[in-house]
Amino acid sequence: MESKEWSSGVWTRLHDVRRGSPLVQCITNLVSMDLVANTLLSAGASPAMVHSVYEVPDFTPHIHALCVNVGTLTPDWLPSMKAAAELASHLGKPWVLDPAAVSCSGFRLKACLELVELKPSVIKGNGSEIIALSGSGSQGHTKGADSSHESTEAIEAAKSLALSSGAVVAVSGAVDIVTDGKRVIGVHNGTKMMQKITATGCSLSALVAAFLSVDPLQPLEATVSAMSVFGIAGELGEDMAKGPGSLRMHLIDSLYRLDETTVLSRVKITKLC
Ligand SMILES: Nc1ncnc2c1ncn2[C@@H]1O[C@H](COP(=O)(O)OP(=O)(O)OP(=O)(O)O)[C@@H](O)[C@H]1O
Ligand SMILES: Cc1ncsc1CCO
Ligand SMILES: [Mg+2]
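As the structure is a computational prediction, the values presented were derived from the model and not from experiment.

Attention shifts here to the side chain of Ser 42. Within the secondary structure layout, Ser 42 lies in helix 2 (residues 33–43). Classification of Ser 42 by relative accessible area gives buried; the value is 6%. With residues up to four places along the chain from it excluded, the contact list for Ser 42 reads Ile 252, Leu 255 and Tyr 256.

Okay, here's the thing in structure tokens:
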């Protein structure tokens, strides 16, 4: 399947997010909260940064999707993440794990491996994060939240993680990679300057959660669609931006304004293997 065959599905899923305004619970890192919430709002979804373990039993049954991101993990946040993930899985609600900066510490890696056991629908990281989480990287090599690998270097790690976890695995980068362990799809939308805005990857993970909620039975297609839409918004944003600060603003505006003609003409998706 190439761009032309993908593009109407990409548009339909964005349209469905706008129409349904899915409620997305985000237990995300402190750096990303603002951009994640604004990304979801501009895409038409409804964000809720509800992260107390005391609120999970009341709130999580009402959500349409969950995004868990360990970017600023501390021991007191882990029980909420696990409780929400467990409940979401139990209730059949899609959820995304973003193993942000997983190779920073043994504590973070162990936490992520435990979260993987709770059956995320999608695991979305950058190249280094997916390599570390799949166990195929060398220990002690980290650049924190930034990737020191191209996404394409993580294809085998992503496939193996998808097969061992049962999740769709997405690797963000110059080419976004999405795999269920068998199919490998490349999303070629986006611009390099998006790396210079903190939490674009975190925002993308939350957007994936929103897209999963409107197409839960096709997690690979939903993930590919969210990545293409976010990348297109970045491309349009860059045309208006003077640098990362204004790209952040124009990215959000472009996501809000995306129309069918633009989506259909800009989707760039290929089958990689
Ligand atoms: N070199 C690049 N060329 C084109 N697009 C890119 C490039 N790097 C990143 N992007 C775009 O930015 C998005 C976010 O990817 P990135 O790899 O920066 O996430 P991340 O490392 O998880 O970010 P963060 O941890 O800051 O949230 C990608 O999905 C892609 O659309
Ligand atoms: C900069 C940073 N540090 C921990 S999480 C985060 C946001 C990007 O993942
Ligand atoms: Mg990230």
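Next comes the rest of the description.
Our next topic: the sheet that holds strand 8 (residues 184–187). Strands sit in the order 2-1-3-4-5-6-7-8-9 across an open sheet of nine strands; the sheet is mixed. The sheet terminates laterally at strand 2 (46–48) and strand 9 (269–271), the two strands that pair on one side only. The sheet shows a mean angle of 20 degrees between the axes of neighbouring strands, direction not considered. Examined bridge by bridge, strand 4 (residues 95–98) and strand 5 (residues 122–126) share two bridges and lie parallel to one another. For Leu 97, the partnering residue across the bridge sits in strand 5 and is Ile 123.

Attention shifts here to helix 2. Within helix 2, eight of the eleven residues are buried, leaving the element largely enclosed by the surrounding structure. If you follow the buried residues of helix 2, they end up packed against helix 1 (3–20), strand 1 (23–27), strand 2, helix 8 (200–214), helix 9 (219–240) and helix 10 (244–257). Once helix 2 finishes, Gly 44 follows within two positions and takes phi at roughly 105 degrees, a positive value.

By size, the foremost hydrophobic cluster in this structure holds 52 residues, and its most contacted members are Leu 40, Phe 211, Val 224, Val 229 and Ile 269. Sequence-distant contacts of Val 224, that is, excluding residues within four places in its chain, are made with Trp 6, Val 178, Ile 185, Val 187 and Ile 269. Membership of the second largest hydrophobic core comes to 42 residues, among which are Val 102, Cys 112, Leu 133 and Ile 177.

Take the packing of helix 1 against helix 9 next. Running from amino to carboxyl end, helix 1 crosses helix 9 at an angle of 85 degrees, the nearest separation of the two axes being 9 Å. Between helix 1 and helix 9, the interaxial angle falls into the category roughly perpendicular. Two secondary-structure elements touch here, helix 1 through Trp 6, Gly 9, Val 10, Arg 13 and Leu 14 and helix 9 through Leu 220, Glu 221, Ala 222, Val 224, Ser 225, Ser 228 and Val 229. When its residues are assigned to classes, the contact of helix 1 with helix 9 shows seven nonpolar, three polar and two charged.

We now examine the packing of helix 2 against helix 8. One way to put it is that helix 2 packs onto helix 8 with a least axis distance of 8 Å and a crossing angle of 40 degrees. Classified by the angle their axes make, helix 2 and helix 8 are oblique. For the crossing formed where helix 2 meets helix 8, the hand is right-handed. Across the interface between the two elements, Leu 35, Val 36, Thr 39, Leu 40 and Ala 43 from helix 2 touch Thr 200, Cys 202, Ser 203, Ala 206, Leu 207 and Ala 210 from helix 8. Classifying every residue of the contact of helix 2 with helix 8 gives eight nonpolar, three polar and no charged.

What follows is about the environment of His 90. On the secondary structure map, His 90 appears in helix 4 (residues 78–90). The spatial distance from the C-alpha of His 90 to the C-alpha of Ser 3 is 35 Å, given a sequence separation of 87 residues.

A separate point is the site of ligand 2. Taken together, Asn 29, Val 31, Gly 71, Ala 145, Thr 198 and Cys 202 make up the full set of residues near ligand 2. Across the complex, the protein chains shield 72% of the 290 Å² of accessible surface that ligand 2 would expose by itself. Class assignment of the residues belonging to the shell around ligand 2 gives a composition of three nonpolar, three polar and no charged.

Our next topic: the side chain of Ser 213. Of note, Ser 213 is situated in helix 8. When its relative accessible area of 19% is taken as the criterion, Ser 213 is described as buried. A polar contact of 2.7 Å, which involves the side chain of Ser 213, links it to the backbone oxygen of Ala 210. Those residues in contact with Ser 213, other than ones at most four positions away along the chain, are Pro 22, His 64, Ala 65 and Pro 94.

Criteria and thresholds
Residues numbered from 1 in each chain as written. Chains lettered and ligands numbered in written order. Predicted model: local features only at pLDDT ≥ 70, side-chain atom pairs only at ≥ 80, totals over all residues. Heavy atoms only, no water. Helix = DSSP H or I, 4+ residues; strand = E, 2+ residues; numbered from the N terminus. Buried < 20%, exposed > 50% of the residue type's maximum accessible area, 1.4 Å probe, protein only. Contact = heavy atoms within 4.5 Å. Pairing = 2+ DSSP bridges. Axes fitted to C-alpha atoms, helices over the stretch in contact; angles between N-to-C directions. Core = buried A, V, L, I, M, F, W, Y, C linked by side-chain atoms within 4.5 Å. Parallel < 35°, antiparallel > 145°, perpendicular 65-115°, else oblique. Nonpolar A, V, L, I, M, F, W, Y, C, P; charged D, E, K, R; others polar. Left-handed = near helix turned anticlockwise from the far one by under 90°. Near = heavy atom within 4 Å. Areas by Shrake-Rupley, 256 points an atom, 1.4 Å probe, with all protein chains shown as cover. Polar contact = N/O pair within 3.5 Å; in protein donor to acceptor, adjacent residues only side chain to side chain.

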